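# Observations on the model geometry
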Amino acid sequence: MTAETDPPALRIRIVFGKAGMIGPGKAELLERIDQCGSIAAAGREMNMSYKRAWELIGTLNAMFRDPVVDSTRGGPGGGGAVLTPAGRQVLTLYRSFEAQSAQAGAAQLDSLQALLEDRTEP
């Protein structure tokens, strides 16, 4: 790995005090639920336990005024999960903040990267 070939990446966590936080993991989970239509499948794609995925969604649903994910239990007809309008808004705002932060800090990131020691892996 060299400083020239690996661009810096931001991993932003927004902390709302005691209300909770959202960061890259929860945002990715929301995206995968949107793609898969299932909390369990989204968790599996992230190598996350079923229990952990449900806990994170429970935290997010409790954190915001309106639930971010609506789920139905499995069974003969199958279950599923979808992002609510609030969930889509939370995800869009988070990803927008991430992109704007990266753009605003691009010069500083480039300067920090230029200060890295050039290392070549064996």
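Notes on the structure in this doc start here. In this text, all values refer to a predicted model and were calculated from it rather than measured experimentally. The residue numbering used here restarts from 1 in each chain and proceeds along that chain's sequence as written. In keeping with the model being predicted, local features are shown solely for residues with a pLDDT of at least 70 and side-chain atom pairs are shown and tallied solely at 80 or more, while totals for entire chains, interfaces and linings include all residues. In computing side-chain properties, one takes all heavy atoms of the structure into account and sets aside hydrogens as well as water.

Below, the discussion takes up the overall build of the protein. Looking only at helices and strands, one finds five helices and four strands in the protein. The secondary structure listing takes helices from DSSP runs of H or I that are at least 4 residues long and strands from runs of E that are at least 2 residues long, numbered from the N terminus. Going from the N terminus to the C terminus, the protein shows its helices and strands as β-β-α-α-α-β-β-α-α. Counting every position in the protein, which comprises 122 residues, the buried fraction comes to 31%. Surface exposure here means Shrake-Rupley accessible area, sampled with a 1.4 Å probe, where a residue is shielded only by the protein chains that are shown. As displayed, the protein offers around 8400 Å² of accessible surface, 54% of which is attributable to carbon and sulfur atoms. Categorising residues by exposure relies on relative accessible area from a 1.4 Å probe, with only protein chains included: less than 20% of the type maximum marks a residue as buried, more than 50% marks it as exposed, and the intermediate range marks it as partly exposed.

Right, let's get into the layout of surface pockets. Cavities and pockets were defined on a 1 Å grid built from protein atoms only: a cavity is a group of points that admits a 1.4 Å probe but offers it no way out, a pocket is an open group of points flanked by protein on both sides within 12 Å along at least five of seven lines, and a lining residue is one with an atom within 4 Å of any such point. Grid points are joined across faces, edges and corners, and a volume is the space filled by probe spheres set on the points. Here the largest pocket is characterised by a volume of approximately 220 Å³. In terms of lining, the largest pocket is formed by Ile14, Phe16, Ile22, Phe64, Arg65, Asp66, Ala86, Gln89, Val90, Leu93, Tyr94 and Phe97. Top contributing element to the lining of the largest pocket by residue count: helix 4 (residues 85–104), with six residues.

This part takes up the pattern of salt bridges. We define a salt bridge as a contact between a side-chain nitrogen of Lys or Arg and a carboxyl oxygen of Asp or Glu at a distance within 4 Å. Here the structure, examined in full by the defined rule, presents seven salt bridges. In this structure, arginine 32 and glutamate 28 form a salt bridge, with 2.7 Å as the shortest nitrogen-oxygen distance. Here glutamate 28 and arginine 32 lie together in helix 1 (residues 24–36), a separation of four residues that amounts to about one turn. What makes arginine 32 partly exposed here is its relative accessible area of 22%. Of the residues examined, glutamate 28 reaches a relative accessible area of 27% and is grouped as partly exposed. Look at the salt bridges and you will find they share partners, linking Glu28, Arg32 and Glu45 into a network.

Right, let's talk about unusual backbone geometry for a bit. With the exception of glycine, most residues fall at negative phi, and the peptide bonds are largely trans. With a phi angle near 55°, asparagine 47 is a residue other than glycine that sits in the positive phi range. Structurally, the position occupied by asparagine 47 is in the loop between helix 2 (39–45) and helix 3 (50–63).

On to the nonpolar core. By size, the foremost hydrophobic cluster in this structure holds 22 residues, and its most contacted members are Leu29, Leu30, Ile33, Ile39, Ile57, Leu60 and Val69. Among the secondary structure elements, those contributing two or more residues to this core are helix 1, helix 2, helix 3, strand 4 (80–83) and helix 4. Here this core gets five residues from one element, more than from any other, and that element is helix 3. In this analysis, two residues are considered to be in contact whenever any of their non-hydrogen atoms come within 4.5 Å of each other. Filtering out sequence-adjacent residues up to four positions away, isoleucine 33 remains in contact with Ser38, Ile39, Ala42, Ile57, Val69, Ala81, Val82 and Leu83. Buried Ala, Val, Leu, Ile, Met, Phe, Trp, Tyr and Cys residues that are joined via side-chain atoms within 4.5 Å together make up what is termed a nonpolar core.

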